[in-house]
Amino acid sequence: FSLIFAFMMFLWVKHLRKHSADLHHVHHMMSVLLLLKILSLFFRAVDLHYMKVTGSAFGWNVVYYLFATLKGISFFTVL
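Computed from a predicted model, the values in this text were never measured in an experiment.

**Student:** Is there a simple way to explain the pattern of salt bridges in this structure?
**Tutor:** Two side chains that carry opposite charge are able to pair once their charged atoms sit near each other. Scanning all chains against the criterion turns up one salt bridge. Here D47 makes a salt bridge to R44, at a shortest N to O gap of 2.9 Å. Here D47 and its partner R44 are both found in helix α2 (residues 25–54), three residues apart, which amounts to about one turn of the helix. The class of D47 is buried, set by a relative accessible area of 1%.

Here it is in structure tokens:
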């Protein structure tokens, strides 16, 4: 899923560059939110992979929770 969101971010940035005259601060914040969503999904996948392989995902879960928290905070900031 993180690759799908990465493609969506590519399309979003392309759209922002095309319509830069109508660009507002909230659009940049939405880009950051999408980036945090991508990182959150990626690190969750890494966390689950290491849990499957080693039985413990020590360290990766902290990184996932960090980006999930930042994503949640930025989501409510954008709203």
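**Student:** What am I meant to see in the packing of aromatic side chains here?
**Tutor:** One pair of aromatic rings is described through two measures. These are the centre distance and the angle between the planes. This model, assessed by the stated rule, comprises six aromatic pairs. Measuring from ring centre to ring centre gives 5.3 Å for Y64 and Y65, while their planes differ by 50°; the resulting arrangement is tilted. A relative accessible area of 18% places Y64 in the buried class. When the centroid spacing of 5.4 Å and the interplanar angle of 75° are considered together, the rings of F75 and F76 count as edge-to-face. Members of the aromatic cluster, joined through ring pairs, are F42, F43, Y50, W60 and F67.

**Student:** I keep staring at the packing of helix α1 (residues 2–18) against α2 and nothing clicks. Help me out?
**Tutor:** How two helices sit against one another is set out by the angle between their axes and by the gap between those axes. Relative to each other, α1 and α2 sit at 165°, their axes nearing to 9 Å. Accordingly, the angle class assigned to the pair α1 and α2 is roughly antiparallel. Viewed along their axes, α1 and α2 form a crossing whose handedness is left-handed. Note on element contacts: α2 touches α1 through H27, M30, S31, L34, L35, K37, I38, L41 and F42, opposite S2, F5, A6, M8, M9, W12 and L16. Each residue belonging to the contact of α1 with α2 can be placed in one class, and the counts come to twelve nonpolar, three polar and one charged.

What counts, and at which threshold
Residues numbered from 1 in each chain as written. Predicted model: local features only at pLDDT ≥ 70, side-chain atom pairs only at ≥ 80, totals over all residues. Heavy atoms only, no water. Salt bridge = Lys/Arg side-chain N within 4 Å of Asp/Glu carboxyl O. Helix = DSSP H or I, 4+ residues; strand = E, 2+ residues; numbered from the N terminus. Buried < 20%, exposed > 50% of the residue type's maximum accessible area, 1.4 Å probe, protein only. Phe/Tyr/Trp six-rings, centres within 6.5 Å; stacked < 30°, edge-to-face > 60°. Axes fitted to C-alpha atoms, helices over the stretch in contact; angles between N-to-C directions. Parallel < 35°, antiparallel > 145°, perpendicular 65-115°, else oblique. Left-handed = near helix turned anticlockwise from the far one by under 90°. Contact = heavy atoms within 4.5 Å. Nonpolar A, V, L, I, M, F, W, Y, C, P; charged D, E, K, R; others polar.

That is the geometry; function is a separate question.
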